[in-house]
Amino acid sequence: MAFFVLIKSHILTQGEDAFLISKSGKQSMLSQRIVKAIFALDSDTRLVPAATIKDSLKVFTKELEQTHEFLLKKNKETKRASKLNSLFRDVDVNLKTLVKTSDSISSLPDFKLNKKTQRLIKETELSFLFGMDAIVNEYLKIAQANFISTKNSYYTIFGLSVLILTVGFFFLWFPNIQQLIRKNELLIRSNEKLAHSKLQIKQSLNELKELKIDLEHKERFNKIFINQAPPSIAMLDKDMKYMAVSEKWKQDYNMEGQVVIGRSHYEVFPEIKQEWKEQHKKCLAGYIDKCEEAPFVRADGSVQWIFWDVRPWYLPDGEVGGLLMYTGDITDIKKQSLAKHRIEQILKSTNKVSRIGTWELDIETDKLTFSDMSREILKLPKDYQVYGNSSLHLYKDGVSKDKIINSIRKIKETGEPFDLELEVINMEGEDIWIRDIGQAEFIEGRCVRVYGIFQDITEIKQSESALTKQNQLLSFAEKISKMGHWQWELKTNIVTWSSNLYDIMGFNKNSFEVKPNTLFEITHPDDIDKVKSYMKKGLETKHFDGELVQRIISEDNSVKTIQVLAKIFTDSDGEIIEVVGTCQDITLQRIAEIKFRGLLESAPDAMIILNENKRIHLVNKQAEKMFGYSASELYDKKIEVLIPDRIIDNFIVYSDDYFENPRFIKTGERRELIGINKDGEEFTVQISLSPLETEEGILVSAAIRDITAQKEAEQKIIHVNDNLKLLAQELTSKNIQLADFAQITSHNLRAPVSNLSSLVDLYAISDDNSDKEEVFEKFKKVVNHLTFTLNTLLEALKVKEGKVKVSYVYFDKTFEKTKEVLAGQIIESKAEITSDFTSINKTLHNKVYFESIFLNLIENAIKYRSKSRVLKLHLHTELIDGNIVLKVKDNGLGINLDRHRNKIFGLNKVFHRHPNAKGVGLYMTKLHVESMGGKISVKSVVGEGSTFIVKFSNTAKKSHI
């Protein structure tokens, strides 16, 4: 029994080995099927539907995964050798990669393998096949070892079992041997399948090689495709060097015949902006850059409009290989677009300026549609809908409404367009004129639409009406002024006269034929040469200079004087096409002018007549003699020709003022000027002016008299008179100086004397010797200051005859000196006096005046202090706009500026009831400040105090000493 159990065990082991070898060999086959299914899905030439392939791929993957789990489980149960465990671990990694790839592909609706994924699948498949072959070989070795063990066991017990085998052969051994034989046959078939798998692996490697060759062909074909593609395409590598370009690209960028392959994009186009280069960098990182239009300024300065689509292309491993540029030259399209836009803008502006709108009538719906300009003309609200039958109220009753009704009816029936001028009433009730142009659209013989434009011609109609009235008025004016007009068309050589001109010339319009030479035929013989010269010069220069006065002989042989004005018109080539002009009958004016000329010549003075343009119109013989010019030389010249250049500007101002307000100025009013004759000699003249209203405008008559001798006598008298005035002014100045000195002396001595009086009183009431000594010391200082003041005043009196002496004076020293002078008053008043001269401490000034300013301002503050509070007085300096400013601020009684502003610094002006108020201190202070070019002002509030502001002049120089 044990024999049979042993034999059965070996047989089962052999069967299990054969089964594991078969399963392992099948794994290789399944992996190959999975890979083939994946590549079949990626192929564009597959015969089986993708869904079927995906279903098979799922089945193969599931079976591969289940079989692998079974083999791992069996390996763990049998506790095989460690080598087999290591092989399974290696194969497990590749299997998971295959399974993951298969699951991902099966779940995607559409996919495309890149080179990197293809290579990964191939490498994984080969690694898996090699691993499974190693596992199969290991199983074969195990099976071989098991088989040898079985054979040895068999030989060992063979001898002992011959009898049993013989007896039980047919009962026990024979079936087992048959089963062993079958298992061996299965093992042989597994080996055959393994050999077949190796063959398939070899075939797969060949396919992979063919796939690589195919990819290389595709890359070459891509370059050929790009080169021959009709659009403008360029292919660049990661270094922005050209790999392929289309012929269209070369044409668009003028690169025919140039080698660009291998060259840098920025070498070919050095003018590319940095902004575009940054975009290219982003595209190399996976970005897609698109632009519909952009200007490309080329190296030669020309502008090329282009569009582009720049995107990366990828290598098989998924990395960016470079850029694909799809571009195009749209310069012509852009120019057309800009031209179209300009035309549309011009049309829009033209419609707006000319006020032209459109309209459309739908015959079926009777709906009338207006453009924005049409609505603006008719003043229609934006949401107001108009229908054809209900729009007739817009047309004015009568002719206009009848015209539009008949025209619409006719255009519907016959299609005949209309062009009408109609009077309408807009929605605001205003009468306006429009020009309405309409056309019809017919379909199958039936009118379906009427459309057109209309223009606001209100201003045109108003202008036509005004022009008609003006023509009528012009005709009336010509009759009144005895004026007519004429026209000569040179191309047709036809001359036309107005009706009034026939009357002026004295010819019958119905019987007299006007020709180009008619003017010469009726001209007085004595004037014929003048007229011919005038006409010849005008036609040669294409400009008639001035007016022509001539005589003509009328049909009744009477002689008339006419004035002719003419103007020439030329074409674009400068050729004369027309001459127009006017003629005025000035016979009566000519007679009056002759009489006036006689009167002018009889005048004793030089006479010059100026017209309204301020030009010389007439001169008499006396004027010719005075200025040395003939009448013809002065005619139509400006009057300035008779005046020296240095006074022309002043004369022009005077003459402009006179012509704006003309008036009679007689000789006695002494309008004197300097005249200059033809030789350049100047002389004094006296002019009387007289305006004269004429039909030609204002004429000014100037009577001129040479008063050179008279002016010389006057100058002698004036010189003597001026000397007497200077002497009187000098005496007056001396008297003023003496009075000023007396005022300064009395005022400046009053403070020290008063101070001495206060010190004497203090001395008298002092019981302590030390106090008396202190008062006595102050008494000596006041006496010294009084002596110095008297000496200074005497010195000032000496220099009064010359310039005021200036020197550098110091604010702090003068301030201390003033406190010493006013020591008695300061002690008596208990005043708190402070100063700050850190900003500015010195200035140029007269020392006496400077000390007087300090003395007066400080003494005034003490004198007019408030009895209800201690006096606080502060002096400080500032520099304002380059000027030194002294401010003296106190908290005294203050001054009512509303009442006393204009008399604060007046002589003998007082504002408070004080027994010692004289009204001299501020007056003297103002004189001292202003005499040195400075200014003094005050700010004051009653009950709060005052601030005196002294602004010293910065014009005082050391050189004044």
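Bear in mind the structure is a predicted one, so any value in this text is a computation, not a measurement. (Residues numbered from 1 in each chain as written. Predicted model: local features only at pLDDT ≥ 70, side-chain atom pairs only at ≥ 80, totals over all residues. Heavy atoms only, no water.)

1. Brief notes about the environment of proline 516
- Note on placement: proline 516 falls in the loop between α12 (499–505) and α13 (518–522).
- In this structure, the C-alpha to C-alpha distance between proline 516 and valine 495, residues 21 residues apart in sequence, is 5.9 Å.
- The contacts of proline 516, once residues within four sequence positions are left out, are Trp488, Asn493 and Val495. (Helix = DSSP H or I, 4+ residues; strand = E, 2+ residues; numbered from the N terminus. Contact = heavy atoms within 4.5 Å.)

2. Some remarks on the pattern of salt bridges
- Tallied over the entire structure, the rule returns 30 salt bridges.
- For glutamate 267, the salt bridge identified is with arginine 263, shortest N-O distance 3.6 Å.
- Two residues, glutamate 413 and arginine 409, come together in a salt bridge whose shortest N-O distance is 3.8 Å. Of the two residues, glutamate 413 and arginine 409 both sit in helix α10 (residues 399–414), 4 residues apart, roughly one turn of that helix. (Salt bridge = Lys/Arg side-chain N within 4 Å of Asp/Glu carboxyl O.)

3. Thoughts on the confidence of the model for the protein
- Mean pLDDT over the protein stands at 78; residues scoring 70 or higher make up 78%.
- Of the regions scoring below 50 in pLDDT, residues 666–670 engages in 8 contacts with residues more than four places distant in sequence or in other chains. (pLDDT = per-residue confidence, 0-100.)

4. So, the nonpolar core
- Counting residues in hydrophobic clusters, the biggest one holds 35 residues, and the most contacted among them are Phe811, Ile833, Phe854, Ile858, Leu875, Leu886 and Phe952.
- Those elements that provide at least two residues to this core are α21 (811–821), α23 (847–863), β25 (872–880), β26 (883–890), α25 (921–931), β27 (935–941) and β28 (945–952).
- The element that contributes the greatest number of residues to this core is α23, accounting for 8 residues.
- Apart from residues lying up to four places away in sequence, isoleucine 858 is in contact with Phe815, Thr818, Leu822, Ile833, Leu873 and Leu875. (Core = buried A, V, L, I, M, F, W, Y, C linked by side-chain atoms within 4.5 Å. Buried < 20%, exposed > 50% of the residue type's maximum accessible area, 1.4 Å probe, protein only.)

5. Details of a negative patch on the surface
- Together, Asp767, Asp768, Asp771, Glu773 and Glu774 line one region of the surface with negative charge.
- Examined against the element boundaries, aspartate 768 turns out to sit in the loop between α19 (708–765) and α20 (769–799).
- Its relative accessible area of 40% is what places aspartate 768 among the partly exposed residues. (Patch = residues over 30% accessible without salt bridge, like charges linked within 9 Å, V, L, I, M, F, W, Y side chains within 5 Å. Areas by Shrake-Rupley, 256 points an atom, 1.4 Å probe, with all protein chains shown as cover. Lys, Arg positive; Asp, Glu negative; His and termini not counted. Charge placed at Lys NZ, Arg CZ, Asp CG, Glu CD.)

6. With respect to the side chain of glutamate 624
- Along the chain, glutamate 624 falls in helix α16 (residues 621–627).
- The exposure class of glutamate 624 is buried, given its relative accessible area of 16%.
- Residues within four places of glutamate 624 in sequence aside, it is in contact with Val619, Tyr629, Ser630 and Ala631.

7. With respect to helix α14 (residues 528–541)
- Taking 1.5 Å of rise per residue, the 14 residues of α14 would be expected to cover 20 Å, and the 20 Å separating its terminal C-alpha atoms lies within 8% of that figure.
- Here α14 has its buried residues at Ile528, Val531, Tyr534, Met535 and Gly538. The buried residues of α14 occupy one face: seen down the axis, they fall within an arc of 135°. Within α14, the exposed residues directed more than 90 degrees away from the buried face are Asp529, Lys536, Lys537 and Glu540.
- On its buried face, α14 is in contact with β12 (483–489), α13, β14 (548–553) and β15 (559–570).
- A positive phi of about 60° marks lysine 542, the residue just after α14. (Expected span 1.5 Å × (residues − 1). Arc of directions from axis to C-beta.)

8. Description of the sheet that holds β28
- Within the open sheet, the 5 strands sit side by side as β23-β25-β26-β28-β27. Their pairing is mixed. In the strand order of this sheet, the two ends are held by β23 (832–836) and β27, each with one partner. Strand-to-strand, the axes of this sheet are offset by a mean angle of 15°, without reference to chain direction.
- Pairing analysis gives 7 bridges linking β27 to β28, with the strands arranged antiparallel. If you follow valine 938 over to β28, its bridge partner there is phenylalanine 948.
- Contacting β27 and β28, α25 runs over the sheet at an angle of about 140° to β27. (Pairing = 2+ DSSP bridges. Axes fitted to C-alpha atoms, helices over the stretch in contact; angles between N-to-C directions.)

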